[in-house]
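Listed below, chain by chain, are the residues.
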Amino acid sequence: MLTIRTPHSTFRTLPKPTLQERFQELNAASSRDAAALAAQGKRAGLWGLCFAPFLTFVRSYLWQGEWRHGIAGLVTALFTAYGVFVRYAKLWEHHHAKTPAAPPPQP
C-alpha cells in the first residue's frame, strides 16, 4: 500500500496498482525512454537486451532487499528487470524497423 500525507487528514493509504495498470504504465514509459535513447543516438545491443535486465534484477532483488518481501518482492524485481528489457527491445526495434518503401511515381 502507498501511504501519502494529505492536507486535511494525517495519512491516506492508496491501493497498490494492479498488474494490468503496471503493464500499461510500463508500456508507455518504455516507449518514451526508448525514443529518448534513440534521440541521443544510443543503440541496443547484447548488453541492453541480456545483461542489463539481469543485473537490474540482481540489484533489485538482492541489494535493495526485495527478497524480504517474499513473492511480492520477487514479482517486483522481475517486473523491474522486465521493464529494462522492454526499453532496450523497443530501442532495438526502433533501429531495425523496416521503413516502408515509397510507392513508385505514377506516370
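This text gives an overview of the structure that appears in the document. As the structure is a prediction and not an experimental result, all values here were calculated from the model.

## What about the overall build of the protein?
Alright, step 1. Looking only at helices and strands, one finds three helices and two strands in the protein.
Alright, step 2. Along the protein, from the amino end to the carboxyl end, the secondary structure elements read β-β-α-α-α.
Alright, step 3. Looking at the protein residue by residue over its 107 residues, the buried ones come to 24%.
Alright, step 4. Total accessible area on the protein is roughly 8300 Å²; 63% of this is exposed by carbon and sulfur atoms.

## Here we look at the nonpolar core
Alright, step 1. In terms of nonpolar packing, the biggest core is built from five residues, these being Ala 34, Leu 37, Ala 38, Ala 44 and Leu 91.
Alright, step 2. Once you skip the residues sitting within four places of it in the chain, Leu 91 turns out to touch Ala 34, Leu 37, Ala 38, Lys 42, Arg 43 and Ala 44.

## Remarks on helix H2 (residues 46-63)
Alright, step 1. With 18 residues, H2 ought to run about 26 Å at 1.5 Å a step, and its terminal C-alpha atoms sit 24 Å apart, in line with that.
Alright, step 2. Along its length, H2 shows its largest kink, about 35°, at Ala 52, and proline Pro 53 lies within four residues downstream of that point.
Alright, step 3. Taken together, the buried positions of H2 are occupied by Gly 48, Ala 52, Pro 53, Thr 56, Phe 57, Val 58 and Ser 60.
Alright, step 4. Elements that come into contact with the buried residues of H2 comprise helix H3 (71-96).
Alright, step 5. Once H2 finishes, Gly 65 follows within two positions and takes phi at roughly 80°, a positive value.

## Brief notes about the pattern of salt bridges
Alright, step 1. Inspection of the entire model under this criterion finds two salt bridges.
Alright, step 2. Among the ionic pairs, Glu 25 bridges to Arg 32, the shortest N-O distance being 3.7 Å.
Alright, step 3. Measuring nitrogen to oxygen at the nearest pair gives 3.4 Å for the salt bridge that ties Asp 33 to Arg 87. Of this pair, Asp 33 sits in helix H1 (residues 19-39) while Arg 87 sits in helix H3; the two residues are 54 residues apart in sequence, bridging distant segments of the chain.

## Section: the packing of aromatic side chains
Alright, step 1. In total, this model carries four aromatic pairs according to the counting rule given.
Alright, step 2. Between Phe 23 and Tyr 82, the aromatic rings sit 6.0 Å apart at their centres with planes inclined by 70°, giving edge-to-face as the arrangement. With Phe 23 in helix H1 and Tyr 82 in helix H3, the pair connects residues that are 59 residues apart, well separated along the chain.
Alright, step 3. Looking at Tyr 82, the relative accessible area reads 38%, which means it is partly exposed.
Alright, step 4. A network of ring pairs unites the aromatic residues Phe 23, Phe 79 and Tyr 82 as a single cluster.
Alright, step 5. The side chain of Arg 22 reaches across the aromatic face of Phe 79, ending 4.5 Å from its centre.

Analysis parameters
- Every chain is numbered independently, its residues counted from 1 as its sequence is written.
- Side-chain atom pairs in this predicted model are given and counted only at pLDDT of 80 or more, local residue features only at pLDDT of at least 70, and totals for whole chains, interfaces and linings cover all residues.
- Processing note: side-chain calculations cover all non-hydrogen atoms of the structure and skip hydrogens and water entirely.
- Secondary structure elements follow DSSP: runs of H or I of four or more residues count as helices, runs of E of two or more count as strands, with numbering from the N terminus.
- Think of it in three bands: with a 1.4 Å probe and only protein chains considered, a residue is buried below 20% of the maximum accessible area for its type, exposed above 50%, and partly exposed in between.
- Per-residue and other accessible areas follow the Shrake-Rupley method at a 1.4 Å probe size, with only the shown protein chains counted as cover for residues.
- Put simply, buried Ala, Val, Leu, Ile, Met, Phe, Trp, Tyr and Cys residues joined by side-chain atoms within 4.5 Å make one nonpolar core.
- Contacts were defined at the residue level, with two residues in contact if any of their heavy atoms lie within 4.5 Å.
- What a helix should span is 1.5 Å times the count of its residues minus one.
- For a residue, the bend is simply the angle between two axes, fitted respectively to the seven-residue segment ending there and the seven-residue segment starting there.
- The rule for a salt bridge is simple: a side-chain nitrogen of Lys or Arg has to be within 4 Å of a carboxyl oxygen of Asp or Glu.
- For this analysis, a ring pair means two rings from Phe, Tyr or Trp (six-membered ring only for Trp) whose centres lie within 6.5 Å, classed as stacked if their planes differ by under 30 degrees, edge-to-face if by over 60, and tilted for the remaining angles.
- Two conditions define a charge sitting above a ring: the NZ of Lys or the CZ of Arg must be within 6 Å of the ring centre, and it must be within 35 degrees of the ring normal.

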